[in-house]
Amino acid sequence: MKFKAQIMDELSVKRAMTRISFEIVERVDLQNALLVGIKTRGVPLAKRIKENILASSGADLEVYELDITHFRDDVSSEVRVNHSGFDLPAENKDVILVDDVLFTGRTTRAAIEAIMASGRAKSIRLAVLVDRGHRELPIRADFVGKNVPTSMKEEIIVHLGETDGDNSVCIYEKE
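Basis of the calculations
Residues take numbers from 1 onward in each chain, read along the sequence in its written order. Selection of residues for local features in this predicted model requires a pLDDT of at least 70, selection of side-chain atom pairs for listing and counting requires 80 or more, and totals for whole chains, interfaces and linings are taken over all residues. To get the side-chain values, take all heavy atoms of the structure and skip hydrogens and water. The way it works is that DSSP assigns letters per residue, a run of H or I at least four long becomes a helix, a run of E at least two long becomes a strand, and they are numbered from the N terminus. The classification of residues rests on relative accessible area computed with a 1.4 Å probe and restricted to protein chains. Under 20% of the type maximum is buried, over 50% is exposed, and intermediate values are partly exposed. Residue contacts follow a heavy-atom distance rule, with two residues in contact if any of their heavy atoms lie within 4.5 Å. As used in this record, nonpolar core signifies buried Ala, Val, Leu, Ile, Met, Phe, Trp, Tyr and Cys residues forming a set joined through side-chain atoms within 4.5 Å. For two strands to be treated as a pair, DSSP must find no fewer than two bridges joining them. Axis lines are fitted through C-alpha atoms, for helices just across the contact stretch, and the angle between N-to-C directions can take any value from 0 to 180 degrees.

A. The arrangement of the environment of S56 in detail. Within the secondary structure, S56 sits in helix α2 (residues 42–57). The exposure class of S56 is partly exposed, given its relative accessible area of 38%. Through-space distance from the C-alpha of S56 to that of E113 is 31 Å; in sequence the pair is 57 residues apart. Dropping the residues within four chain positions of it, S56 is found in contact with F22 and V25.

B. Main features of the nonpolar core. Of all hydrophobic cores here, the largest spans 29 residues; its most connected members are I24, I49, I96, V98, L129, V130 and V169. Only α1 (10–27), β2 (33–38), α2, β4 (94–102), β5 (123–131), β7 (154–159) and β8 (168–173) provide two or more residues apiece to this core. Broken down by element, this core gets its largest block of residues, five residues, from α1. Counting residues in hydrophobic clusters, the runner-up holds 22 residues, among them Y64, L97, I139 and A141.

C. Expanded view of unusual backbone geometry. Note the cis peptide between K39 and T40, where omega equals 15°. Secondary-structure assignment places T40 in the loop between β2 and α2. Despite not being glycine, N92 has its phi angle at roughly 60°, a positive value. For N92, the position within the fold is in the loop between β3 (63–66) and β4. Its identity is not glycine, yet H134 carries a phi of approximately 65°, on the positive side. Mapped onto the secondary structure, H134 falls in the loop between β5 and β6 (143–147).

D. Fine view of the sheet that holds β7. Overall, antiparallel pairing links the three strands, which are arranged β1-β8-β7 in an open sheet. Since the sheet does not close on itself, it has two edges, and those belong to β1 (2–8) and β7, each with one partner. Averaged over all pairs of adjacent strands, the angle between strand axes in this sheet comes to 30°, irrespective of strand direction. Judged from the five bridges that link them, β1 and β8 form a sheet pairing that is antiparallel. Bridge pairing links A5 to I171 in β8.

E. Inspection of the environment of E26 at higher detail. As for its placement among the helices and strands, E26 is situated in helix α1. The class of E26 is exposed, set by a relative accessible area of 66%. With 138 residues separating them in the primary sequence, E26 and D164 have C-alpha atoms 31 Å apart.

F. Region of the structure containing the sheet that holds β2. Strand order in the open sheet formed by five strands is β3-β2-β4-β5-β6, and the pairing between neighbours is parallel. The two strands at the open ends of the sheet, each matched to only one other strand, are β3 and β6. Pairs of neighbouring strands in the sheet enclose a mean axial angle of 25°, with direction left out of account. Here β4 runs beside β5; their pairing, made up of eight bridges, is parallel. Counted as the bridge partner of V101 is V130 from β5. This element, α1, spans β4, β5 and β6 of the sheet and lies at about 150° to β6. Strands β2, β3, β4 and β5 of the sheet are contacted by α2, whose axis makes an angle of about 150° with β2.

Structure below.
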């Protein structure tokens, strides 16, 4: 892949996460909410949201990690396992699902399936750092850091300090 442009630097990532956190405080019953980060980069983003919400409102939300591997629709049926859910107290909770990039919607669909397998949530809302469009499923984010229209020849890569050593969002051209 060929580097095309940096669309967010460390400061703009921090601002976007702060804005998402404030929107969650304004629109969600924090006494009944929990954060679920989709591995890999959704987890540190969920932890950042937790810290921002704690600092601004005093609410200490629980953060759960979600591995959607076995719920993906592109994994063959021989590899898929029958999950009865994971250790998530989703029953009647307001679940805030956190991911780095929303693209086709398939990762989000798998995450929703995993959450529903653990209990009937009161609501599931989606928070993403970047929404790049090109949906294949009717899924939208409730909390978005930045909308970035892209072509199918481009790829958005999110770098986070916890996983990659720096905080930035870049566009690359597929070759």
